[in-house]
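Descriptive structure summary
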Amino acid sequence: MIVAMKPTDAPLFDTAHLARYTAGDPALRDELLTLMCDQARRCLAIMDRPSDPASWRAACHTLKGAARGVGAFALANVCDEAEIQPQAAWAGARLAVAQAFRETELAFADAD
């Protein structure tokens, strides 16, 4: 159980944020979303078996930044909370991040 993690009211995917960032270019949007999803998978793999607290925090922090960059604010907020969890809560936090990522991917797919 992740006692310290708080629910988020942030949008899964703020398309207007990304449109401003990409000047509305759909090819650039798609490339950035693909890069963010690739980064998420790498971070989640690290979170599966972190070698130490620093690698856990780095994976959470990296994914948080990637998510914020494309407007996936709910995922970023979950990563922000996961980043500060004690080691005993990492398994549950990783599940929360993975779930938020799955929901975010679905929101990305609906963006077209």
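The structure under discussion appears in the preceding block.
Here the structure is a predicted model, which is why all the values come from computation and not from measurement.

**Digging into the nonpolar core**
Judged by nonpolar contacts, the single largest core of 31 residues is most densely connected at M36, L63, V70, L75, V97 and F108. Contributions of two or more residues to this core are made by helix 2 (26–48), helix 3 (53–70), helix 4 (73–83) and helix 5 (90–109). Beyond its immediate chain neighbours, meaning those up to four positions away, F108 contacts F13, L33, M36, C37, V70 and A72.

**Points about the environment of A67**
Along the chain, A67 turns up in helix 3. Judged by relative accessible area, A67 falls into the buried class, the value being 0%. Along the sequence, A67 and C79 sit 12 residues apart, while their C-alpha atoms lie 9.0 Å from each other. For A67, the residues in contact, after removing those within four places along its chain, are M36, A72, L75 and A76.

**Looking at the packing of helix 4 against helix 5**
Running from amino to carboxyl end, helix 4 crosses helix 5 at an angle of 170 degrees, the nearest separation of the two axes being 9 Å. Between helix 4 and helix 5, the angle falls in the class roughly antiparallel. In contact with L75, V78, C79 and A82 of helix 4, helix 5 contributes A93, A96, V97, A100, F101 and T104. Classifying every residue of the contact of helix 4 with helix 5 gives nine nonpolar, one polar and no charged.

**Notes on the pattern of salt bridges**
As enumerated under the stated definition, the model contains six salt bridges in all. Each member of the salt-bridge network shares a partner with another, and the members are D38, R41 and E105.

**A short note on the packing of aromatic side chains**
For any two aromatic rings, the description comes down to two numbers: the centre-to-centre distance and the angle of the planes. For the structure shown, the criterion picks out two aromatic pairs. For the pair F13 and F108, a centre-to-centre distance of 4.7 Å together with 75 degrees between the ring planes defines the contact as edge-to-face. One end of the pair, F13, is in the segment before helix 1 (15–22); the other, F108, is in helix 5, with 95 residues separating them in the sequence. F108 gets classed as buried once you look at its relative accessible area, which sits at 8%.

**Quick notes on unusual backbone geometry**
Of note, A23 is a non-glycine position whose phi angle comes to about 55 degrees, a positive value. Along the chain, the position of A23 falls in the loop between helix 1 and helix 2.

**Comments concerning the side chain of S55**
Inspection of the secondary structure puts S55 in helix 3. Ignoring sequence-local partners within four residues, the contact set of S55 consists of I46 and P50.

The rules we used
- Residues numbered from 1 in each chain as written.
- Predicted model: local features only at pLDDT ≥ 70, side-chain atom pairs only at ≥ 80, totals over all residues.
- Heavy atoms only, no water.
- Core = buried A, V, L, I, M, F, W, Y, C linked by side-chain atoms within 4.5 Å.
- Buried < 20%, exposed > 50% of the residue type's maximum accessible area, 1.4 Å probe, protein only.
- Helix = DSSP H or I, 4+ residues; strand = E, 2+ residues; numbered from the N terminus.
- Contact = heavy atoms within 4.5 Å.
- Axes fitted to C-alpha atoms, helices over the stretch in contact; angles between N-to-C directions.
- Parallel < 35°, antiparallel > 145°, perpendicular 65-115°, else oblique.
- Nonpolar A, V, L, I, M, F, W, Y, C, P; charged D, E, K, R; others polar.
- Salt bridge = Lys/Arg side-chain N within 4 Å of Asp/Glu carboxyl O.
- Phe/Tyr/Trp six-rings, centres within 6.5 Å; stacked < 30°, edge-to-face > 60°.

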